[in-house]
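Coordinate inspection notes
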Amino acid sequence: MTVTSTEPSSEILQQRQTLHLCTAGSVDDGKSTFVGRLLHDTKSILADQLSAVERTSRERGLEHPDLSLLVDGLRAEREQGITIDVAYRYFSTARRTFILADTPGHVQYTRNTVTGVSTSEVVVLLSDARHGIVSQTKRHLAVAALLGIKHVVLAVNKIDLVDYSASIFETIRDEFVELARSKGITDVQVIPISALLGDNVVNPSEHTPWYDGPTVLGYLEEVEVHTQNTNSENSTGFRFPIQYVIREGSQDYRGYAGRITSGEIAVGDSVDLGQERSATVTHIDSSDGALNIAGVDESVVLRLSAENDLARGDLIAASDRPEDTTIFKATIVGLSEQSLRAKSKLKIRYGTSLLQARLVGITSVLDIDTSTEHEAQTVELNDIATVKIQLAQPLPIDLYNAQGRVGSFLLIDPSDGNTLAAGMVSDLNPS
């Protein structure tokens with residue numbers, strides 16, 4: 001497999017699917033070099049950037065260009081305490097475009113790993129071939145499982161430092177596959193790589209004749225990602241939380257502005273407005289003009305067949321509109337140094353809704369290293385806990401779907417507005 005510099009046609013560019021992925025690994029697993037290698041070998045860096053890396057590498061007496069220098073700037077800033085928790089990288093091939101969330105590797109930044117994984121369809125974990133599966137590997141895999149990720153790659157890095165040993169690779173592979181499947185992740189790909197030398201990252205390696213699987217890029221180009229807009233068991237219909245109501249009296253114009261979080265909508269479709277109300281979509285307006293159809297992540301203005309008393313925070317949905325609920329169970333991740341206690345009065349941000357809530361109780365906190373749960377009175381920074389939340393008024397809430405498009409929320413301190421936790425709805429109307 002060779003990397004070609006031929007640009008794809010404009011038609012192919014328009015049809016390319018965008019894949020959201022996340023990288024995670026321990027501090028010394030070579031994640032920065034891996035990301036740098038992906039960018040380098042897909043020709044996604046500028047010539048002057050590469051020249052600077054090559055020059056610095058020579059000055060340091062290195063035999064090979066240190067591609068981690070392409071991404072270490074942001075990592076160094078994070079380690080100095082600047083608030084850059086997840087760095088996003090963009091690259092593309094003729095097959096797909098990629099948005100890569102590069103997360104920090106330190107254990108104390110679990111919350112940042114959650115941020116990166118929550119927007120991803122595929123997670124690429126790195127491990128050092130000399131050390132195998134370590135605690136951080138298990139931690140990141142547990143986060144991926146909690147967030148509903150179905151596709152996980154383990155890139156066994158630094159395979160060159162164990163003399164490209166097939167037996168070492170196979171031992172790590174078997175342990176990881178068993179661990180992933182125990183957490184409900186069945187699409188698992190384990191690949192031997194050397195990010196430093198380029199083995200099996202973008203181009204196949206002649207040093208691993210015993211491996212007949214895809215390269216990391218080859219897998220990312222081919223993986224079939226079933227999002228919540230397909231007919232899978234976790235599919236969710238059209239969801240449109242209203243952000244703003246636009247009224248222009250002189251033109252008798254009333255439109256509902258927002259971003260489509262799930263499904264798609266077309267002119268002529270019937271929508272459910274709640275409280276046994278329905279309407280038909282008569283117009284879809286966008287910054288590019290009128291549309292006949294719109295889908296996930298598009299920001300549009302909907303006009304309906306009849307005037308309705310709708311406001312910011314209300315939901316326009318398909319016929320599978322979720323029922324209103326006032327209590328639910330959820331998994332939350334502590335995002336603040338301020339402890340979150342049972343019986344606390346909070347505010348909850350769900351979609352475009354902001355309302356009062358109460359943390360009824362903390363069921364358990366997860367020990368990621370042992371995959372066991374234990375009782376706790378508080379949720380601390382980076383803790384992953386199961387809790388029960390009660391709302392001050394009914395709200396149409398979905399169960400959490402991967403990428404957090406529906407069923408995700410924030411818990412906020414009502415006194416100062418600080419975000420205390422991010423959550424994923426796991427059970428509606430629990431006993």
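Residues numbered from 1 in each chain as written. Predicted model: local features only at pLDDT ≥ 70, side-chain atom pairs only at ≥ 80, totals over all residues. Heavy atoms only, no water.

1. Re the overall build of the protein chain
- Tallying secondary structure elements over the protein chain gives 8 helices and 24 strands in all.
- Looking at the protein chain as a whole, 51% of its 431 residues are labelled buried.
- Restricting to contacts in the protein chain with at least 6 residues of sequence separation, those with at least 24 account for 69%.
- Of the roughly 20,500 Å² of accessible surface on the protein chain, a fraction of 45% belongs to carbon and sulfur atoms. (Helix = DSSP H or I, 4+ residues; strand = E, 2+ residues; numbered from the N terminus. Buried < 20%, exposed > 50% of the residue type's maximum accessible area, 1.4 Å probe, protein only. Contact = heavy atoms within 4.5 Å. Areas by Shrake-Rupley, 256 points an atom, 1.4 Å probe, with all protein chains shown as cover.)

2. Section: the pairing of strand β2 (residues 87-92)
- By the alternation rule, side chains of β2 split into A87, R89 and F91, which are all buried, and Y88, Y90 and S92, of which none is buried.
- With 6 bridges joining them, β2 and strand β3 (residues 96-102) adopt antiparallel strand pairing. Bridge pairing links A87 to D102 in β3. (Pairing = 2+ DSSP bridges.)

3. Brief notes about the packing of helix α5 (residues 110-118) against helix α6 (residues 135-146)
- Axis separation between α5 and α6 bottoms out at 10 Å; the angle between their running directions is 45°. Considering the angle they form, α5 stands oblique to α6. The crossing of α5 and α6 is right-handed. The residues of α6 that touch α5, namely those facing T110, T113, V114 and V117, are R139, H140, V143 and A144.
- Classifying every residue of the contact of α5 with α6 gives 4 nonpolar, 3 polar and 1 charged. (Axes fitted to C-alpha atoms, helices over the stretch in contact; angles between N-to-C directions. Parallel < 35°, antiparallel > 145°, perpendicular 65-115°, else oblique. Left-handed = near helix turned anticlockwise from the far one by under 90°. Nonpolar A, V, L, I, M, F, W, Y, C, P; charged D, E, K, R; others polar.)

4. Structural notes on the nonpolar core
- Ranked by internal contacts, the top residues of the largest apolar core, which has 63 residues, are F34, V122, F176 and L220.
- Of all the elements, helix α7 (residues 166-182) adds the most residues to this core, at 6 residues.
- Apart from the residues lying within four places of it in its own chain, the contact partners of V122 are L19, H20, L21, C22, H151, V153, Y219, L220, V223 and V225.
- One finds L355, V365, A376 and L395 within the second-largest nonpolar core, a separate group that totals 25 residues. (Core = buried A, V, L, I, M, F, W, Y, C linked by side-chain atoms within 4.5 Å.)

5. A short note on the sheet that holds strand β6 (residues 187-192)
- An order of β2-β3-β1-β4-β5-β6 is seen for the 6 strands of this open sheet, with the pairing classed as mixed. Only two strands of the sheet have a single neighbouring strand rather than two, namely β2 and β6. Pairwise comparison of adjacent strand axes, ignoring direction, gives a mean angle of 25° for this sheet.
- Across the sheet, α7 is in contact with β4 (122-128), β5 (151-157) and β6; its angle to β6 comes to roughly 160°.

6. Topic: the confidence of the model for the protein chain
- In this model, the protein chain carries an average pLDDT of 84, and 85% of its residues clear a pLDDT of 70 or more.
- Confidence scores differ between elements of the protein chain, with helix α1 (residues 10-15) showing the lowest mean pLDDT of 47 and β6 the highest of 96.
- This model gives residues 77-84 a pLDDT under 50, and the stretch forms 10 contacts once residues within four places in sequence are excluded.
- For residues 227-234, every residue scores under 50 in pLDDT, and the model assigns this stretch 20 contacts once sequence neighbours within four places are set aside. (pLDDT = per-residue confidence, 0-100.)

7. A word on the pattern of salt bridges
- Per the stated rule, a full pass over the model turns up 10 salt bridges.
- Between D174 and R173 there is a salt bridge, with its nearest N and O atoms 3.1 Å apart.
- For D398, the salt bridge goes to R239, with nearest N and O atoms at 2.8 Å. With D398 in the loop between β22 (384-396) and β23 (408-412) and R239 in strand β7 (residues 239-248), this pair connects stretches of sequence that are 159 residues apart.
- The buried category is assigned to D398, whose relative accessible area is 11%.
- Judged by its relative accessible area of 2%, R239 falls in the buried class.
- In this structure, a network of salt bridges that share partners links the residues D128, R130 and K158. (Salt bridge = Lys/Arg side-chain N within 4 Å of Asp/Glu carboxyl O.)

8. Observations concerning the packing of aromatic side chains
- Summed over all chains, the structure comprises 5 aromatic pairs.
- A centroid spacing of 5.5 Å and a plane angle of 40° characterise the contact between F169 and W210, whose relative ring orientation is tilted. Separated by 41 residues along the polypeptide, F169 in helix α7 and W210 in the loop between β6 and α8 (216-222) bring together distant segments of the chain.
- A relative accessible area of 3% places F169 in the buried class.
- By relative accessible area, W210 is classed as partly exposed at 28%.
- With a centroid separation of 5.5 Å and an interplanar angle of 70°, the aromatic rings of F328 and F409 are classed as edge-to-face. Residue F328 is found in strand β16 (residues 324-334), and its partner F409 is found in strand β23; the two are separated by 81 residues along the sequence. (Phe/Tyr/Trp six-rings, centres within 6.5 Å; stacked < 30°, edge-to-face > 60°.)

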